[in-house]
Amino acid sequence: MIDIMGELDGVFDEIEIDPEAEEDLCRGLHLDRVIAEAQRKAGIQGNVQAEDGGIPGNIQIEAGIRRNRSIDETRFEERKSVVPKFGKSMKWVACAVAAVALLGGSVAAAQNLDALHYFLRTKAEIPKGEITNVGQSAISGGVKMTVESVLAGENDFVTLLTFVQTDGSAFPEGTKLYRVRLNTEDKGVVQSVIGVRMSEDRKLLNAFIESSSITSMLNQSIGAEVQGIYTEDRRELEEDISLSGCFAARPIRMDIPEELRATSWAETIIPAFEKELIEQQGLFFDSISLKGEKEGFSFAGVGFLDGRLSIATYYPEGDDNDPLAYLRPEAEINKLKDRRTGAVYEGSLQRGLDSAVSGKQMLLADFEGLQEADLPYLEPIATYTTRNILEKGPWKVSFTVKDQGKNLTLHPDLTIDLHSEKAVLTEANISLLGGYVIGQWSDSEKVGLPENYSTKLRAVTEDGEILKFKISGASSYVDQGGRNCFKFNYNLFEKEDDKNRVLLPQNKLESIKTIILDDHEWNIK
């Protein structure tokens, strides 16, 4: 590496470059990664830190069955990248670019790896050999979509997409994507979680899709499709709603057992909470419409769900078959203003929750740290959103997820007694991204998820390390044989109460000798 730079020394001394052009050339050039790769290939020991010393941003990736969020409902998270300032030292830019080329890498590859770290929220190394580099693109209008790369387990995989304008211009502030999906319904994808971020210069959009299927996706053709790109206009209005009066008329406090927080959220917990809200509505109000000109949006009540202050909003049920349904106007109570201090609290949104009220869906905003004593001083703030199409698609790309042999699959045939019914655990899997457990109801009429049960998944390595997987989501479905099944998905974290996700590369998977489901062990070596 030093010899290469020595040969280049002096070659570019006479080059004059405009500072603006120089910045364009250097934008996104991660010299720390260039150096780290050079060290790795040259066998040099040393540590190179990322620009911010850790994992950027704070994007929330939640289980699809619980959150059920569509792409237009996911907030953007921006990661500020450092643009190197070289003045007239153009030769060092050339040396860095030459180093990247000679080392067989690229700025784009480094950025894609950086994006995977960002969305997966992991500090762990992502093995390059585990990545399927796709690099296939489609152009519609003035925008190009590229399926960059895929990380895959047996049934679970993540897909990274990028979007750029073909003329190199920046996207407007607040640009988003709508109707992002993988066309794998016939292959049994039962949930997908989507996150989006925009680069600092707004010339690049990343979209990240995490999917779980009921059959293997390895060596299968998958289609990625995005319907369009749009911008949003938002305005906020304070609402004249007495939260304390509403809560006093019918206090609602629901505690959720740990084992139910991920597994029965949509099918059990939310319906029970809404039943309480409907009783509250009958005592305090029939309907409180929100301000503005958005028909069909109304306040739906207030309570404490799992210790967190939760405010519900009703909104009209959309037509999932309408490609433009995602662009309809919206109104939501997602902020609270404290009249004592002027502080404004923003809630965590759960959208698209099925409602017992005909023609309505429900949105919940929950606020951490607020208590019943705060209610008389809290003033709801509603956000009204209108959307405008920036570019119509669709963009469609087909790709194949390669089988790289990084899975452990067990068929336990374990019967679980769930009080009045029984289920059989038919399959368990541990892979790069985490794990899953599939169960089948013994009663052919039983459907959905277990109400008071979720399988505990653990593994033991050859050196005695115990890997404790944490449930990340659940879904129910009918398999190809017509049997009613359910599936639990799991992630692995550095610590049980940590948010730093851990991946399991091939050598780690090969070290696992025992898989434990609840208290039942299977030796796999």
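Residues numbered from 1 in each chain as written. Predicted model: local features only at pLDDT ≥ 70, side-chain atom pairs only at ≥ 80, totals over all residues. Heavy atoms only, no water.

J.: Sorry if this is basic, but what is going on with the overall build of the chain here?
T.: Within the chain, the regular secondary structure consists of nine helices and 26 strands. Every one of the 525 residues in the chain was classed for burial, and the buried ones make up 50%. Expressed as a percentage of contacts within the chain between residues at least 6 apart in sequence, the contacts between residues at least 24 apart total 70%. (Helix = DSSP H or I, 4+ residues; strand = E, 2+ residues; numbered from the N terminus. Buried < 20%, exposed > 50% of the residue type's maximum accessible area, 1.4 Å probe, protein only. Contact = heavy atoms within 4.5 Å.)

J.: How should the sheet that holds strand β7 (residues 221-238) be read in this particular structure?
T.: The strands that make up a sheet are held in pairs by hydrogen bonds between backbone atoms, and each pair lies either parallel or antiparallel. Across the sheet, which stays open at both edges, the five strands sit in the order β4-β7-β16-β12-β13 with antiparallel pairing between neighbours. Of all strands in the sheet, those bounded by a partner on one side alone are β4 (176-182) and β13 (344-346). Neighbour-to-neighbour, the strand axes of the sheet open up by a mean angle of 35 degrees, direction not taken into account. Pairing of β7 with strand β16 (residues 378-400) involves 17 bridges; the strand directions are antiparallel. The residue of β16 that forms the bridge with Arg235 is Tyr384. (Pairing = 2+ DSSP bridges. Axes fitted to C-alpha atoms, helices over the stretch in contact; angles between N-to-C directions.)

J.: Any chance you could explain the confidence of the model for the chain here in plain terms?
T.: Close inspection of predicted coordinates is inappropriate for parts of the model with low pLDDT. Summary statistics for the chain give a mean pLDDT of 76 and a share of 74% for residues scoring 70 or more. Scored below 50 in pLDDT, residues 1-105 shows 161 contacts in the model against residues more than four places distant or in partner chains. (pLDDT = per-residue confidence, 0-100.)

J.: Just checking my understanding: could you explain the environment of Leu504 for this structure?
T.: Tracing the backbone through its elements, the reader meets Leu504 in the loop between β24 (501-502) and α9 (506-510). Classification of Leu504 by relative accessible area gives buried; the value is 1%. Through-space distance from the C-alpha of Leu504 to that of Leu433 is 6.7 Å; in sequence the pair is 71 residues apart. Other than its neighbours up to four places away in sequence, Leu504 contacts Ile430, Ser431, Leu432, Leu467, Phe469, Leu492 and Leu509.

J.: Before we go on, may I ask you to explain the pairing of strand β17 (residues 407-410) in this structure?
T.: Across a regular strand the side chains alternate sides, sitting on one face of the sheet and then on the other. Side chains Leu408 and Leu410 of β17 all project onto a buried face; the interleaved residues Asn407 and Thr409 project onto a face where none is buried. Note that β17 and strand β19 (residues 421-431) share four bridges and pair antiparallel. When the sheet's bridge partners are listed, Thr409 is paired in β19 with Asn429.

J.: Is there a simple way to explain the environment of Glu462 in this structure?
T.: Within the secondary structure, Glu462 is located in the loop between β21 (457-461) and β22 (466-478). Put simply, Glu462 and Ile512 are 50 residues apart on the chain and 6.1 Å apart in space, counted from C-alpha to C-alpha. With sequence-adjacent residues up to four places away left out, Glu462 is seen in contact with Glu510, Ser511, Lys513 and Lys525.

J.: So what exactly am I meant to see when it comes to unusual backbone geometry here?
T.: Most peptide bonds are trans, and most residues other than glycine sit at a negative phi. Here the amide bond leading from Gly393 into Pro394 is cis, since omega sits at 0 degrees, within 30 degrees of zero. Relative to the helices and strands, Pro394 resides in strand β16. Residues other than glycine seldom take positive phi values, yet Arg202 does so here, at roughly 65 degrees. As for its position among the elements, Arg202 is in the loop between β5 (189-198) and β6 (205-213).

J.: Would you mind showing me how to read the pairing of strand β2 (residues 143-152) here?
T.: With nine of ten residues buried, β2 is to be regarded as a mostly interior element. In sequence, strand β1 (residues 131-140) turns back onto β2 through a hairpin of two residues, with Gly141 there showing a positive phi of about 60 degrees. As paired elements, β2 and strand β3 (residues 156-165) share nine bridges and run antiparallel to each other. Each bridged residue has a counterpart across the sheet, and for Val143 the counterpart in β3 is Gln165. Once β2 ends, the chain turns through three residues before running back antiparallel as β3.

J.: Looking at this structure, I do not really get the environment of Glu330. What am I missing?
T.: Along the chain, Glu330 falls in strand β12 (residues 330-338). The spacing of Glu330 and Tyr315 is 15 residues in sequence and 7.7 Å in space, taken between C-alpha atoms. In this structure the side chain of Glu330 is engaged in a polar contact, spanning 3.4 Å, whose partner is the side chain of Arg387. (Polar contact = N/O pair within 3.5 Å; in protein donor to acceptor, adjacent residues only side chain to side chain.)

J.: Would you take a moment to explain the packing of aromatic side chains for this structure?
T.: How two aromatic rings sit relative to each other is given by the distance of their centres and the angle of their planes. Counting across every chain of the model gives ten aromatic pairs. We note Lys446 situated over the ring of Trp441; from NZ or CZ to the ring centre the distance is 5.2 Å. (Phe/Tyr/Trp six-rings, centres within 6.5 Å; stacked < 30°, edge-to-face > 60°. Lys NZ or Arg CZ within 6 Å of the ring centre and 35° of its normal.)

J.: I would appreciate a short explanation of the pattern of salt bridges in the present structure.
T.: For side chains of opposite charge, pairing can occur when their charged atoms come near one another. Inspection of the entire model under this criterion finds 23 salt bridges. One salt bridge connects Lys335 with Glu236, and the closest N-O pair in it is separated by 2.4 Å. With Lys335 in strand β12 and Glu236 in strand β7, this pair connects stretches of sequence that are 99 residues apart. What emerges from the salt-bridge pattern is a single network uniting Lys176, Glu232, Arg234, Glu330 and Arg387. (Salt bridge = Lys/Arg side-chain N within 4 Å of Asp/Glu carboxyl O.)

J.: Explain the nonpolar core to me, please; I cannot follow it from the model alone.
T.: Generally speaking, soluble globular proteins have nonpolar side chains that are buried together. Within the largest apolar cluster, 30 residues are counted, with the highest numbers of intra-cluster contacts made by Leu161, Phe163, Leu177, Val226 and Phe399. Contributing elements (two or more residues each) for this core: β1, β2, β3, β4, β5, β6, β7 and β16. Element by element, the count of residues in this core is highest for β2, at five residues. With near-sequence residues (within four places) excluded, Phe163 lies in contact with Val143, Lys144, Met145, Phe171, Leu177, Lys203, Leu204, Leu205, Ala207, Val226 and Ile229. Core analysis: the second largest hydrophobic core is formed by 28 residues, Leu408, Leu410, Ala459 and Ile515 among them. (Core = buried A, V, L, I, M, F, W, Y, C linked by side-chain atoms within 4.5 Å.)

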